[in-house]
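In case you want the letters, here they are:
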Amino acid sequence: MGFSEVLGHEAVKQILKGAYLAGRVHHAYLFVGPEGVGKELLAFQLIKLLNCHEPRGGGMGDAAALDCCDTCTACRKINDDAESFRDGDPKDGGSSRFSDLMALAPVGRFIKIEAVREVIKRLPYSPVEGRTKCVLMRDADNLHPAAANSLLKTLEEPPTETLFVLVSSNPHVMLPTILSRCQPVRFGGLKPADITRYLVERADLSPVAARPIAAMATGSIGRAVELLNHPVVLKRVTWLREMNALCSAPDHERLAMAESLAADKQHVPVYLDLLRSWLRDQLLVIEGLNDESLSNVDLAAEARVAAGATDRFALMDKLARVETAERGLLGNSNLQLTLDWLLLRL
Ligand SMILES: [Zn+2]
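As the structure is a computational prediction, the values presented were derived from the model and not from experiment.

**Describing the overall build of the protein**
- If you tally the helices and strands in the protein, you get 16 helices and five strands.
- Referenced to the eigenvectors of the C-alpha coordinate spread, the extents of the protein come out at roughly 75 × 45 × 30 Å.
- Counting every position in the protein, which comprises 346 residues, the buried fraction comes to 37%.
- Across the protein, contacts joining residues at least 24 apart in sequence account for 69% of those joining residues at least 6 apart.

**Notes on the domain arrangement of the protein**
- Segmentation of the protein into domains returns domain 1 (3–186) and domain 2 (230–344).
- Of note, the centres of domain 1 and domain 2, computed from C-alpha atoms alone, are 41 Å apart.

**Focus: the packing of helix H8 (residues 207–216) against helix H13 (residues 268–286)**
- For the pair H8 and H13, interaxial distance at closest approach is 9 Å and the crossing angle is 110 degrees. For the element pair H8 / H13, the angle class is roughly perpendicular. For the pair H8 and H13, the crossing hand works out as right-handed. Counting all contacts with H8, which are made through Pro-212, Ala-215 and Met-216, the residues of H13 involved are Asp-273, Leu-274 and Ser-277.
- Of the residues in the contact of H8 with H13, the class split is four nonpolar, one polar and one charged.

**Some points on the pairing of strand E1 (residues 28–32)**
- In terms of burial, E1 is largely enclosed, as four of its five residues are buried.
- As paired elements, E1 and strand E4 (residues 162–168) share five bridges and run parallel to each other. Bridge assignment links Val-32 to a residue of E4, and that residue is Ser-168.
- Note: E1 against strand E5 (residues 183–186), four bridges, orientation parallel. By the bridge assignment, Leu-30 is partnered in E5 with Pro-184.

**As for H13**
- Between its first and last C-alpha atoms H13 spans 27 Å; for 19 residues at 1.5 Å apiece the expected length is 27 Å, and the two agree.
- Contacts from the buried residues of H13 go to H8, helix H10 (231–234), helix H11 (236–246), helix H14 (300–308) and helix H15 (312–330).
- After H13 finishes, the residue Gly-288 shows a positive phi value of roughly 90 degrees.

**A word on the pairing of E4**
- Burial within E4 is extensive, with six of its seven residues counted as buried.
- One ladder, built from five bridges, connects strand E3 (residues 133–137) with E4; its direction is parallel. The partner of Cys-134 across the bridge, within E4, is Leu-163.

**Quick notes on the nonpolar core**
- Core analysis: the biggest nonpolar cluster contains 80 residues, and Phe-31, Ala-43, Ile-47, Leu-136 and Val-165 have the highest contact counts within it.
- Looking at which domains feed residues into this core, each of domain 1 (3–186) and domain 2 (230–344) gives three or more.

**Considering the environment of Pro-127**
- Structurally, the position occupied by Pro-127 is in the loop between helix H4 (113–122) and E3.
- What makes Pro-127 partly exposed here is the crowd of 17 C-beta atoms within 10 Å.
- Sequence spacing of Pro-127 and Thr-162 is 35 residues, and the spatial spacing of their C-alpha atoms is 8.8 Å.
- Those residues within four positions of Pro-127 in sequence are excluded, and the remaining contacts are Asp-100, Thr-132, Lys-133 and Glu-161.

**A look at the packing of H11 against H13**
- Where H11 meets H13, the axes come as close as 11 Å, and the angle between the chain directions of the two elements is 70 degrees. Considering the angle they form, H11 stands roughly perpendicular to H13. Our pair here, H11 against H13, has a crossing hand that is right-handed. On H13, the residues that touch Arg-236, Trp-239, Leu-240 and Met-243 of H11 are Leu-274, Leu-275 and Trp-278.
- When the residues that make up the contact of H11 with H13 are grouped by side-chain class, the tally is six nonpolar, no polar and one charged.

Cut-offs and rules
- Residues numbered from 1 in each chain as written.
- Predicted model: local features only at pLDDT ≥ 70, side-chain atom pairs only at ≥ 80, totals over all residues.
- Helix = DSSP H or I, 4+ residues; strand = E, 2+ residues; numbered from the N terminus.
- Buried ≥ 20, exposed ≤ 12 C-beta atoms within 10 Å, placed from the backbone.
- Contact = placed C-beta atoms within 7 Å.
- Domains from an automatic or database assignment.
- Axes fitted to C-alpha atoms, helices over the stretch in contact; angles between N-to-C directions.
- Parallel < 35°, antiparallel > 145°, perpendicular 65-115°, else oblique.
- Left-handed = near helix turned anticlockwise from the far one by under 90°.
- Nonpolar A, V, L, I, M, F, W, Y, C, P; charged D, E, K, R; others polar.
- Pairing = 2+ DSSP bridges.
- Expected span 1.5 Å × (residues − 1).
- Core = buried A, V, L, I, M, F, W, Y, C linked by C-beta atoms within 7 Å.

This is how it looks when you write it as structure tokens:
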């Protein structure tokens with residue numbers, strides 16, 4: 001895998017590859033953005049590019065065509081390290097296959113000071129088998145404060161041929177002294193179309209099965225993969241039909257549904273994501289989009305009937321209420337009361 005096979009994030013790729021071609025790769029990046037969108041994956045591509053024996057493309061400053069070769073010993077070793085790191089094998093900084101890579105992750109709650117000390121000790125030496133010594137930190141917001149402080153001087157004046165990539169989805173809890181020493185690179189969520197493509201190509205789903213999951217994944221491949229065999233997703237069609245019937249049902253049936261959802265407390269956020277995708281589909285029908293644009297394309301006929309019985313403003317109100325319910329639940333509102341309120345107004 002090279003940059004070209006990482007989904008989305010074209011602007012980020014352009015920034016990083018452009019910096020490489022201009023010889024201006026910053027010594028410390030902070031990759032920030034939602035979880036599961038590919039921040040770490042792109043960090044590994046940058047690390048490969050900086051150490052690849054034969055980078056491809058990039059002639060005449062063409063950043064779009066530039067990529068690592070993905071076959072030299074450096075690229076292959078870094079790919080192996082990326083795989084074991086992804087599979088939850090936190091390193092102490094010293095056991096990567098590629099000897100110029102130190103990949104750190106929290107052990108327990110924190111990235112420990114011992115791991116950071118090891119990094120600081122090894123950095124002043126020249127690269128052993130590559131061109132750049134690279135330090136990758138997953139969940140850098142979990143740097144132990146003592147570890148973060150011990151890192152300040154190194155981040156301020158790093159040894160030559162050094163790259164730090166700190167990765168975080170919660171940068172607001174990081175020490176300002178660390179933040180100010182890193183160049184931020186912001187990652188947005190992936191587009192549903194990109195996630196659909198991923199699920200079709202890599203998880204062997206049909207487009208019809210992939211699209212509702214992509215719509216619920218809020219821009220995150222990691223979230224999409226979690227949803228693949230999620231019990232709520234597996235009964236999506238049945239449940240949406242029940243919800244649809246509820247719109248013309250008496251209050252006691254709505255309250256019974258609210259009660260059964262509340263009993264399945266841990267899955268309520270997924271139910272709400274699914275409900276949102278269904279309401280959005282009806283809005284798209286009203287806007288005149290064709291079936292192919294719907295998330296729940298296998299329920300297109302039902303979506304058209306449901307949309308015919310309501311209007312744009314009613315649907316927007318319903319969507320707003322789903323969001324109010326979600327915010328309330330994040331803020332510890334009473335689950336049963338919130339669901340009662342939502343379903344009585346559906
Ligand atoms: Zn290579």
